[in-house]
Amino acid sequence: MQLSRDDLLNAYKRMRLIREFEDALHEEFSAGNIPGFVHLYAGEEASGVGVCMHLDDRDAIASTHRGHGHCIAKGCDERAMMSEIYGRADGLCGGKGGSMHIADLSKGMMGANGIVGGGPPLICGAALSAKQRKTGGVAVAFVGDGASNQGTTFESYNLAKVWNLPAIFVVEDNGYAEATASAWSVSGSQAKRAAGFDIPAIEVDGHDFFAVWEAAREAIERAREGGGPTLIHCRLNRYYGHFEGDAVTYKAPGEVEKVKAEKDCLMLFRQRVTEAGLLDAEALDQADREAKARIDQCLSEAKAAPAPTEAALLTDVYTSAY
Amino acid sequence: MPKKSYRQAINEALRQEMERDERVIIMGEDIAGGMGAPGEDDAWGGPLGITKGLMTQFGRERVLDTPITESGFIGAAVGAAATGLRPVAELMFVDFMGVCFDQIFNQAAKFKYMFGGKAVTPLTIRTMYGAGFRAASQHSQCLYPLFTHIPGLKVALPSNAYEAKGLLIQAIRDDDPVMFFEHKAMYDDEWEVPDEPYAIPFGEAAVTREGDDVTIVAFGRMVNMANEAADNLAKQGVSCTVVDPRTTSPLDRDTILETAEETGRVVVVDEAHPRCNMATDVAALVGQEIFGALKAPVRMVTAPHCPVPFSPALEDLYIPNAAKIEAAVHEVMSGVHARAAE
Ligand SMILES: Cc1ncc(C[n+]2csc(CCOP(=O)(O)OP(=O)(O)O)c2C)c(N)n1
Ligand SMILES: [Mg+2]
């Protein structure tokens, strides 16, 4: 399987859209315009997009508290996402969920999650469902380095293996869980942990879209063919604080700036495709401008959208009569 | 007396107990922060800075940052408590009880009884609860009624900084497992707090307002709403007693019943969902014990039967407030016995 010119341009557009989305939210949060907890994905775009490029609507993903990038990569509507983050009635979840709970089941996006380690068991269920219903679908859990230490995660590895599920665990290791370094909190290694369950593991540089894309291709192909689970360990970096408002004093001075200058996923992608003559700079510049305009539009529309009214408070608690 | 915030009061209680008793250790996610990281040590002092400075004073041996593994470290705190330490574990948000509840309610709570009285488990679990932070459905719940339900656990709900310090010191000195609930919207609230250590006994309510017409029993942060309502009502000529039970387990039944008997009218205020909560508990108590003294049915002011919504517009409707309490007081005063809408 090869990436066509269209695929490449789409991948870049998705990553750029996520970056614009997150950069805009950072500004908006600093200005006091957004309520609640917001965790930004900027810097990690190659992971979400590199994986989700292989997925379609029959495939499910479970995201984390840092979910905006996974949502956009899986095809959630960015305009409705923006309204959700502002708590508006036309938000993707009616304003009831907010940043930490954006979901769109019709797109196979099983939700961002406020519970660290909440996702891995859910995708075992989604993978089981795909397997039994013979949809050909697979299920992917994005797992932070911090979440990789939860019991739920280990239990899911074991379950996925013993049930031979079409499940993929993408450990997004950005080096930190809140203010704690994964170098300390994770004993052994992600790959060795997978090996302990007889699950194949692939280690990739998560700044490199092509490396992620290739690893995901292999893992997802295996899962679709009935070959069971795979773990992908992506090393990457988050550009902003753990949550908006975090002063990030636990990182070394200049740590993030260095990554931005040397390994930014958008920069690496641009270099790679222009040097290889796959895309020209003008097409990429054009994509940059479009992403910026789109996010500006999402922002202004979301801000102008009405808040939910009292009638919404008690709806959606149950599905059948109560 | 010096004024201190709820945050400072909790920090001070921990510090003073750690100074007094070296068996007291604290653990939790980023309660210091910076573990294994190249930057600042004690970078966070807890996600909301509650434990800031304790690691620098007591060292990493007694202030333990944990990986994100609540079932593991809450369980370890239970085990350490049963074997000679007096751990204070921080469960960042009480909503995360889902990942570690077994260690609390099947292990810690039951050792004493199951083992025929032989075990002693002096454990404190500090945890954040409550709505108002736009933190949505998985970071805003109350959940203290679930813990109150479990025999073997004690449950403290300080409503101000003075109570926070005294109840936390009592929790640490107590030989039973204690769930200590901190309302996340109160950390900056200031109150008069003595510098010296003091313990507030469990099961002793505070009466924060005295009046003749209506008894308002309120829990945790709702005590402040009830006080505000009582002050507004006083200006309208309705005088209220406000009872702050301070702990839900044990519950000071005597103070609730005595004050309820005096006024004959009871409003219970609870930020938890309306079913099987502290409001239903108190209403049942009053109905069972002093039915004959009641001049009106008990009214309950609670959150509705739905998860906590994110949108500020909805969350503001969700949380009980002084206006809703005042309306309930007027109802019991006017003798309107409207059937409660679900
Ligand atoms: C069960 C549970 N424990 C703790 C938290 C608080 N918390 C939210 S995010 C986070 C750090 C997660 O780190 P990681 O998995 O590495 O993801 P990252 O934030 O780096 O993307 C913590 C401790 C939570 N939300 N749920
Ligand atoms: Mg991380």
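Refer to the structure above for everything that follows.
Here goes a summary of the coordinates provided.

The rules behind each value
Residues numbered from 1 in each chain as written. Chains lettered and ligands numbered in written order. Predicted model: local features only at pLDDT ≥ 70, side-chain atom pairs only at ≥ 80, totals over all residues. Heavy atoms only, no water. Near = heavy atom within 4 Å. Polar contact = N/O pair within 3.5 Å; in protein donor to acceptor, adjacent residues only side chain to side chain. Areas by Shrake-Rupley, 256 points an atom, 1.4 Å probe, with all protein chains shown as cover. Helix = DSSP H or I, 4+ residues; strand = E, 2+ residues; numbered from the N terminus. Donors = N, O, S within 2.8 Å, 3.2 Å for Na, K, Ca; no water. Buried < 20%, exposed > 50% of the residue type's maximum accessible area, 1.4 Å probe, protein only. Contact = heavy atoms within 4.5 Å. Buried area = accessible area lost by both parts, 1.4 Å probe. Nonpolar A, V, L, I, M, F, W, Y, C, P; charged D, E, K, R; others polar.

1. What about the site of ligand 1?
Argument step 1. In the vicinity of ligand 1, 22 residues are found, and the nearest of them are His65, Arg66, Gly114 and Asn174 of chain A together with Glu70 of chain B.
Argument step 2. Neighbouring residues of ligand 1 are not confined to a single chain but are spread across chains A and B.
Argument step 3. Arginine 66 of chain A places a side-chain nitrogen or oxygen 2.7 Å from an oxygen atom of ligand 1.
Argument step 4. With respect to ligand 1, the backbone of valine 116 of chain A contributes an N or O atom lying 3.0 Å from a nitrogen atom.
Argument step 5. Contact with the protein chains covers 97% of the free accessible surface of ligand 1, which is 580 Å².

2. Here's the deal with unusual backbone geometry
Residues and elements named next belong to chain B.
Argument step 1. In this model, serine 249 is joined to proline 250 through a cis peptide bond whose omega is 0 degrees.
Argument step 2. Among the structural elements, proline 250 can be located in the loop between β12 (247-249) and α8 (253-263).
Argument step 3. Positive phi outside glycine occurs at arginine 134, with the angle close to 60 degrees.

3. Remarks on the coordination of the magnesium ion (ligand 2)
Residue and element names in this part refer to chain A.
Argument step 1. Of the protein atoms, only Asp145 (OD), Asn174 (OD1) and Tyr176 (O) coordinate the magnesium ion (ligand 2), at distances of 2.1 Å.
Argument step 2. In the primary sequence, the donor residues of the magnesium ion (ligand 2) line up as D-x28-N-x1-Y. Of the two residues, aspartate 145 is situated in the loop between β2 (139-144) and α6 (151-162) and asparagine 174 in the loop between β3 (167-173) and β4 (176-177); the sequence distance between them amounts to 29 residues. Asparagine 174 carries the same exposure label as aspartate 145, and that label is buried.

4. Digging into the interface of chain B and chain A
Argument step 1. Taken residue by residue, the interface counts 44 residues in chain B and 48 residues in chain A.
Argument step 2. Buried area between chain B and chain A, both sides added, is near 3400 Å², and the carbon and sulfur share of it is 67%.
Argument step 3. Three residues, Trp44, Ile68 and Phe310 of chain B, lead the burial of chain B against chain A; their summed loss comes to 20% of the area buried on that side.
Argument step 4. In this assembly, chain B and chain A are joined by 14 residue pairs in polar contact (both at pLDDT 80 or more).
Argument step 5. Per-class residue counts for the side of chain B that touches chain A are 25 nonpolar, 11 polar and 8 charged.

Interpretation in functional terms is not warranted from these geometric data alone.
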